Protein chains: 2
Amino acid sequence: MDKCNAKNLLVSKKLKVTKQRQLILERIIGRQGIFTVNSLYTKLEDEIDLVTIYRVISIFEEKGIIREVLSNYEEKRYELACIHNPVHPHFNCSVCNELFCLEAVSDNLIKLLQENISDYLVKDISIQFKGICKKCLENNLT
Amino acid sequence: MDKCNAKNLLVSKKLKVTKQRQLILERIIGRQGIFTVNSLYTKLEDEIDLVTIYRVISIFEEKGIIREVLSNYEEKRYELACIHNPVHPHFNCSVCNELFCLEAVSDNLIKLLQENISDYLVKDISIQFKGICKKCLENNLT
DNA sequence: AAAATATATGCAACTTACTTGCAATTAGAA
DNA sequence: TTCTAATTGCAAGTAAGTTGCATATATTTT
Ligand SMILES: [Mn+2]
Ligand SMILES: [Mn+2]
Ligand SMILES: [Zn+2]
Ligand SMILES: [Zn+2]
């Protein structure tokens, strides 16, 4: 199965296909990484108002097209939520402060993590590592 | 070893012992849970200015007296960081939207989680579950 | 114990991510 | 093509958190 198609995805989620929604979704699908509302606005400000991006992102999240990434930044972070991008841990470098996507954790390991939690109905799990990324480690030695 | 003592903790971290810092730290130690700046302010507004709480919390975090809890709330969340409260996962209920502290995960399991991450120097790990808490599950059935 | 000094506090004003109201526009149905 | 409800853009608002600066206070020095 290949990459998602913006227009089809909008139609399948029963969303009106507007120029703005297409542009935003195409960018999200094209880049395949973590993004913020402002990172989208920087690229699309000639064509879309900032408020519209906020509203579109909010709708995309409700419809499950994107998911919010757990983080402590002031700006909310999101990423595409589709079969090509299953839930996975992230790594936050405390030097460059970037947020990296990591490989998904095995189902077995997830089960082990959930074993102790009896009083709750678990639907989702977020894992974030903190430390120093390879680039910053190398730079620090120089 | 018994509970931390606010004044001693301040002195050991080489911080000036002010009335405000003592009051804030005593409350954090006394309650032993997750807190926000505003939750402290609600209880201490007659004696401490909101800005002072922000500044004290910022210093406490730098000194490692408290740690920020990873979350997607608009307001930052913190908890006491001491031998009595080692790093542990949290559970976020999507119904009541509360954030619960869970038992710490075994070192073995943490090691397994880190095994795949070769390009990074890991210093810390945050785990947050999302789902429905016992109370909300019971209420939903009623 | 008093004076000196460096730090902490409180108030007002500011910044910034995000939201809301409303009139104008537009996608999709009829 | 016309109609209607949903979407958009602009302006204004909200709320968490920050900053400048004068005053107050904890700790050091005398
Ligand atoms: Mn990711
Ligand atoms: Mn906790
Ligand atoms: Zn880095
Ligand atoms: Zn709940």
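Residues numbered from 1 in each chain as written. Chains lettered and ligands numbered in written order. Predicted model: local features only at pLDDT ≥ 70, side-chain atom pairs only at ≥ 80, totals over all residues. Heavy atoms only, no water.

Enquirer: Please provide a residue-by-residue account of the overall build of chain A, values included.
Expert: Looking only at helices and strands, chain A features six helices and five strands. The N-to-C order of helical and strand elements in chain A reads α-α-α-α-β-β-β-β-α-β-α. Taking all 142 residues of chain A together, 40% fall into the buried category. Look at the contacts in chain A between residues 6 or more apart in sequence, and 51% of them connect residues 24 or more apart. Within the structure as shown, chain A displays about 8600 Å² of accessible surface, and the carbon and sulfur contribution to it stands at 47%. Seen as two clouds, the 20 positive and the 19 negative side-chain charges of chain A have centres 6 Å apart. (Helix = DSSP H or I, 4+ residues; strand = E, 2+ residues; numbered from the N terminus. Buried < 20%, exposed > 50% of the residue type's maximum accessible area, 1.4 Å probe, protein only. Contact = heavy atoms within 4.5 Å. Areas by Shrake-Rupley, 256 points an atom, 1.4 Å probe, with all protein chains shown as cover. Lys, Arg positive; Asp, Glu negative; His and termini not counted. Charge placed at Lys NZ, Arg CZ, Asp CG, Glu CD.)

Enquirer: So what's going on with the coordination of the manganese ion (ligand 2)? Residues and values would help.
Expert: Residue and element names in this part refer to chain B. Ligation of the manganese ion (ligand 2) by protein atoms is provided by Glu79 (OE), His88 (NE2), His90 (NE2) and Cys101 (SG), these donors lying 1.9 to 2.3 Å from the ion. Each donor residue of the manganese ion (ligand 2) lies on the same chain, and together they follow the pattern E-x8-H-x1-H-x10-C. Of this pair, His90 sits in strand 3 (residues 90-93) while Cys101 sits in strand 4 (residues 99-101); the two residues are eleven residues apart in sequence, bridging distant segments of the chain. On the basis of relative accessibility, which here comes to 6%, the residue His90 falls in the buried class. (Donors = N, O, S within 2.8 Å, 3.2 Å for Na, K, Ca; no water.)

Enquirer: Describe in detail the protein's contact with DNA strand C, supporting the description with residues and values.
Expert: Near DNA strand C you find 19 residues, and of these A:Val17, B:Thr18, B:Arg21, B:Thr52 and B:Arg55 are the closest. Backbone atoms, meaning sugar and phosphate, form 73% of the atoms of DNA strand C found within 4 Å of the protein. B:Arg21 has a polar side-chain atom sitting 2.8 Å from a phosphate oxygen of DNA strand C. Here B:Thr52 contributes a side-chain N or O atom positioned 2.4 Å from a phosphate oxygen of DNA strand C. Listing elements by their share of the surface near DNA strand C, those giving two or more residues are helix 4 (50-62) of chain A together with helix 2 (19-31) and helix 4 (50-62) of chain B. Among the elements that take part in the surface near DNA strand C, helix 4 of chain B stands out by supplying four residues, more than any other. Residue composition of the surface near DNA strand C, by class: six nonpolar, three polar and ten charged. (Near = heavy atom within 4 Å. Polar contact = N/O pair within 3.5 Å; in protein donor to acceptor, adjacent residues only side chain to side chain. Nonpolar A, V, L, I, M, F, W, Y, C, P; charged D, E, K, R; others polar.)

Enquirer: Could you give an account of the packing of helix 2 (residues 19-31) of chain A against helix 4 of chain A, with specific residues and numbers?
Expert: All names here are of chain A. It is at 10 Å that the axes of helix 2 and helix 4 come closest, and there the two elements cross at 65 degrees. Put simply, helix 2 runs roughly perpendicular to helix 4. In this structure, helix 2 meets helix 4 at a crossing whose hand is right-handed. For the pair helix 2 and helix 4, contact is made by Gln20, Arg21, Ile24, Leu25 and Ile28 and by Thr52, Ile53, Val56, Ile57, Ile59 and Phe60, respectively. (Axes fitted to C-alpha atoms, helices over the stretch in contact; angles between N-to-C directions. Parallel < 35°, antiparallel > 145°, perpendicular 65-115°, else oblique. Left-handed = near helix turned anticlockwise from the far one by under 90°.)

Enquirer: Help me get a handle on the coordination of the zinc ion (ligand 3), residues and values and all.
Expert: Six octahedrally arranged donors around a metal ideally form angles of 90 or 180 degrees; four tetrahedrally arranged donors ideally form angles of 109.5 degrees. All names here are of chain A. The coordination sphere of the zinc ion (ligand 3) contains the protein donors Cys93 (SG), Cys96 (SG), Cys133 (SG) and Cys136 (SG), at a distance range of 2.2 to 2.4 Å. Bound by four donor atoms, the zinc ion (ligand 3) shows angles of 102 to 119 degrees at the metal and therefore tetrahedral coordination geometry. Between the donor residues of the zinc ion (ligand 3), the gaps in sequence give the motif C-x2-C-x36-C-x2-C. Residue classification places Cys93 among the buried positions, given a relative accessible area of 0%. For Cys96, a relative accessible area of 35% puts it in the partly exposed group. (Tetrahedral: all angles 85-135°; square planar, octahedral: opposite > 155°, others 65-115°.)

Enquirer: I'd like to hear about the interface of chain B and chain A, residue by residue, with values.
Expert: Across the boundary between the two partners, chain B contributes 31 residues, which contact 31 residues of chain A. Carbon and sulfur atoms make up 65% of the area that chain B and chain A hide from each other, which totals about 3000 Å². Where chain B packs against chain A, one counts two salt bridges. B:Asp119 is paired through a salt bridge with A:Lys134; the nearest N and O atoms lie 3.5 Å apart. Joining chain B to chain A, the criterion identifies ten residue pairs in polar contact (both at pLDDT 80 or more). For the side of chain B that touches chain A, the secondary-structure elements that each account for two or more residues are strand 1 (66-69), helix 5 (107-114), strand 5 (120-133) and helix 6 (134-141) of chain B. Of all the elements, strand 5 of chain B adds the most residues to the side of chain B that touches chain A, at 14 residues. In the side of chain B that touches chain A, the residues fall into 19 nonpolar, six polar and six charged. In the sheet, strand 5 (residues 120-133) of chain A pairs with strand 5 of chain B via 13 bridges, with the strands oriented antiparallel. Opposite A:Cys133, over in strand 5 of chain B, you have B:Tyr120 as the bridge partner. (Buried area = accessible area lost by both parts, 1.4 Å probe. Salt bridge = Lys/Arg side-chain N within 4 Å of Asp/Glu carboxyl O. Pairing = 2+ DSSP bridges.)

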